[in-house]
Amino acid sequence: MTDDSNSNLHLTQIKSALNKWRLAFLILALSYAVLLLLNLTNMPINWDEIVHLNGAMFLKNGLYTNFVNNSFYPPLYDVATLSSFDVFGVSLFSARLVSAVFSVFSLWVVFEFAYSMYGRKVALVSAVLLAVMPGYFWLSRLAMLEVMLVFFFTLSLFFFYRWLNSHQNRMLVFSGLALGLGFLTKYQVLAAAVVMIVSLVFLGWRQLKRLFSRFTVLLVTAVIVVIPWLIIAYKVYASQILSQWAYALQMGNPGKSLYSVRFPIPIFYLIEITWPYNDIHPISLLLYIVGIAGLGFFAWRHKKEDKFLLIWFVSVLVFFTLISNREWRYVLTLFPTLAISAAALILFVFEKAQSTWKGHISLSKKRATKIAAGLFIVFLGVAMAYSINDNYTIVSKNDIQIHIQDATNYAMARDATNQSIMVLCPFNYFSQDMVKFYLLANNENQIQTYQYPQMPVDAYTPNFNITEFINLCKQDNVKFVFTYEYGGTVPYFNTTLNLQQIYKQIYASGSFSAISPDATFGQDPRRILILNFTG
C-alpha cells in the first residue's frame, strides 16, 4: 500500500470518527466546561477538599513523609493537583480545575460507552443527562475524589465490556490500567471489579473457565500499577497503614452511623441519591424516575448491553449498601447507568411513537400517539428545567465567602514565627488545615496550627472547657486564636452552645485580647475574628 493510500485511509477513519454527533458532543463538552469554571472559587474550601490541597502542597514543598502519612487517601488526585499548581499556580481554582477536567473526561467516556452500546443518539442524550445531574455537577466543582473515580471506574468498565465482545486481550490491559489508576484515586474502585466478576458469571457462563483465566491479565495489570504505592506507604507508615486503609474502605467513622440509617438500609441509596434533604437532590426526582424506568425497561428487554448495565447498577448498589457508612456521593458511579438507561428509554419511546404514527393505523390512533408523544416531550422539558433549577440551588446555597486567606496573611505579617495559630470551633468551612494550606502556599513551614475541639462543631457535639482551652494555648505556644461568627447565636451541633456564649467565657478569663476591627475579616454574619492569646 502506498503512502498516499495510507494517508487517504487515515483521513477516512478520522472523518468517520469525527461525525456530526461527536462534534455535537464536543460543543456540549465545551459549554459544560465553561459552566463548570464560572465562579469556581465562590464556594469556600470544605473539610474534605483541604486534605488534597495540603497533600499537593506537601509534595510541592518536598515534605514527602507528611504526604505519605496522609495516606488515608491514595495519591493520584494529590499528584494531579500538584501538576495543576505547577502549571496554573497555587490556588483553590487550580485544585478544583482537576475535578472539572475529569468531569468533562467522564462525560466523554459515558458518551463513547453509550455510543458503542446503543448508538449515537442515545450517546449524546446520555451525556446531556449526566451533565445536568445536580450532584455530579456540584462535585465536579470541588477538589474531591469522586469525579476522578467516576472517570477511571467507567473507563475500566468500558474497556472490560469491549473485551467481552471482542475478546481482544489488549482491552483487558487497558481495563486493568484504568482499574489500577482508579485504585490510586479512591480504594472504593474495587466495586468495579465486583461488577466485572458478576458480569462474567451472568454473561459468560458458557465459557466461564476460559474467561476467568484471561481475566487474570486485567487483575495482574491493575496490581502492577498499584504495588509501588502500597510498598511506599507501608514502609513509611507500617504501624497504622492497614487500619487506615480499612478505615478508608469503610469511608468514614462511626460518627456517621446516625446519618447512614436515616432510611431503611435495603433502599437507603434509592432514596438518598434523589432526596437526602428537602433542598438537595443529587439526581432530580423527575429524571431519576425516568432513569429507574429505563432500568426496568432494560430488565424487560434484556439485551446483552442491558444486562451489563443492570449488573453494574445492582452490584454497586449492593456493594455500598453493605458498607456501614452511607452517603449519596459514595455511589456517584451509579449516575452514568441512570443517565444511559434514561436516554435509552427516551429514544425507545420516541422511535416507537414515530413508527406508530407512520404506520397504517386510524387517524384517531395517530392523533392519540402524537398527543402522547407531545406530553412526554413536555414532561422531559419540565424534568430538565427542574434539574437545572436543582443545580442552581445547590451551587447558590454554598456561594459564601470566608476570608481564611486574609486572616492567615494577617497572622504571617505580624511575625508569628515559632508561635502558633489556634482555630476555635472548626467546622466544614473553617479548620486548622485550611490555615495550614495558606501558610504552605506562602512557603511558611514554621508556624504550627491547632484546633479546639478536634472534631467539626457542625457534625459533632462540642465540649468546650475554658480551662482546658487556655492550657492548650499555653502548651502549644499560641499567639493568634481564629474564631468564626457562625451566625453569632446559632447553636453548634446537637447543643445549645454558640459562639456568643464562648466569647463570654473567653473575656471572663482575661487571657485574650478584645475584638479589633483590624483583626476582623469578612462580612457579618460570616466574619473571622482574630484574638491574641495573652495568658
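Just above, that's the structure.
Bear in mind the structure is a predicted one, so any value in this text is a computation, not a measurement. (Residues numbered from 1 in each chain as written. Predicted model: local features only at pLDDT ≥ 70, side-chain atom pairs only at ≥ 80, totals over all residues. Heavy atoms only, no water.)

**Regarding the overall build of the protein chain**
Note the cut-off: Think of it this way: any DSSP run of H or I at least four residues long counts as a helix, any run of E at least two long counts as a strand, and we number them from the N terminus. Values of the radius of gyration come from C-alpha atoms, whereas the globule rule sets the reference at 2.2 Å times the count of residues to the power 0.38. Any residue under 20% of the maximum accessible area for its type is buried, any over 50% is exposed, and the rest in between are partly exposed; the area is computed with a 1.4 Å probe on protein chains only. Contact between two residues is taken to exist if any of their heavy atoms lie within 4.5 Å; hydrogens are not considered. Per-residue and other accessible areas follow the Shrake-Rupley method at a 1.4 Å probe size, with only the shown protein chains counted as cover for residues.
Regarding its fold elements, the protein chain presents 23 helices and five strands. Against the compact-globule benchmark of 24 Å for 535 residues, the protein chain has a radius of gyration of 26 Å, which places it among compact chains. Dimensions of the protein chain, computed from the C-alpha atoms along their principal axes, are close to 90 × 55 × 50 Å. Across the 535 residues of the protein chain, 52% fall into the buried class. Sequence separation of at least 24 residues holds for 75% of the intrachain contacts in the protein chain that already meet a minimum separation of 6. Carbon and sulfur atoms make up 62% of the accessible area of the protein chain, which totals about 24,100 Å².

**Remarks on the packing of aromatic side chains**
Keep this limit in mind: When the centres of two rings from Phe, Tyr and Trp lie within 6.5 Å, Trp using its six-membered ring, the rings pair. Their planes under 30 degrees apart give stacked, over 60 give edge-to-face, and anything left gives tilted.
Taken as a whole and judged by the stated rule, the model has 49 aromatic pairs. Plain terms: the ring middles of Phe159 and Phe174 are 5.3 Å apart, the flat faces sit at 55° to each other, and that makes the pair tilted. Here Phe159 is found in helix α9 (residues 146-166), whereas its partner Phe174 is found in helix α10 (residues 169-183), with 15 residues between them in sequence. Assessed through its relative accessible area of 16%, Phe159 is described here as buried.

**Section: the layout of surface pockets**
Rule in force here: Method remark: on a 1 Å grid restricted to protein atoms, a set of points is classed as a cavity if a 1.4 Å probe fits but cannot get out and as a pocket if it is open with protein on both sides within 12 Å along at least five of seven lines; lining residues have an atom within 4 Å of a point. Grid points are joined across faces, edges and corners, and a volume is the space filled by probe spheres set on the points.
Within this model, the second largest pocket holds a volume of roughly 510 Å³. Lining the second largest pocket are 23 residues, and of these Leu35, Phe137, Arg141, Asn391 and Val395 sit closest to its centre. Listed by contribution, the elements that provide at least two residues to the lining of the second largest pocket are α2 (20-37), α8 (134-139) and α19 (363-397). The biggest single contributor to the lining of the second largest pocket is α19, with five residues.

**Concerning the packing of helix α11 (residues 190-203) against helix α17 (residues 304-321)**
In plain terms, the rule: Fitted lines through C-alpha atoms give the axes, limited to the stretch in contact for helices. The angle between two N-to-C directions lies from 0 to 180 degrees. If an angle is under 35 degrees, it is roughly parallel; if it is over 145, roughly antiparallel; if it lies from 65 to 115, roughly perpendicular; otherwise it is oblique. Whether a crossing is left-handed or right-handed is set by the direction in which the near helix is turned from the far one by less than a right angle, anticlockwise for left-handed and clockwise for right-handed. We call Asp, Glu, Lys and Arg charged. Ala, Val, Leu, Ile, Met, Phe, Trp, Tyr, Cys and Pro are nonpolar, and the rest, Gly among them, are polar.
Put simply, α11 and α17 touch, their axes get as near as 9 Å, and they point 135° apart. Put simply, α11 runs oblique to α17. In this structure, the crossing between α11 and α17 has a hand that is right-handed. For the pair α11 and α17, contact is made by Ala191, Val194, Val195, Val198, Ser199, Phe202 and Leu203 and by Lys304, Lys307, Phe308, Ile311, Trp312, Ser315, Val316, Phe319 and Phe320, respectively. Of the residues that constitute the contact of α11 with α17, the class distribution is 12 nonpolar, two polar and two charged.

**Here's the deal with the pattern of salt bridges**
Between side chains of opposite charge, a pair can form as their charged atoms come close. The criterion, for reference: Throughout this description, the term salt bridge denotes a Lys or Arg side-chain nitrogen within 4 Å of a carboxyl oxygen of Asp or Glu.
In total, this model carries 11 salt bridges according to the counting rule given. The closest approach of N and O atoms between Glu146 and Arg329, which form a salt bridge, is 2.7 Å. Pair noted here: Glu146 is in helix α9 and Arg329 is in the loop between α17 and α18 (335-358), with a separation of 183 residues, a long-range link. Pair check on accessibility: Glu146 and Arg329 agree, each one buried. The shortest N-O distance in the salt bridge between Lys397 and Asp279 comes to 3.0 Å. Pair noted here: Lys397 is in helix α19 and Asp279 is in the loop between α15 (268-272) and α16 (285-301), with a separation of 118 residues, a long-range link. On the basis of relative accessibility, which here comes to 37%, the residue Asp279 falls in the partly exposed class. Here the salt bridges share partners, and the residues they tie into one network are Asp48, Glu146, Lys186, Glu327 and Arg329.

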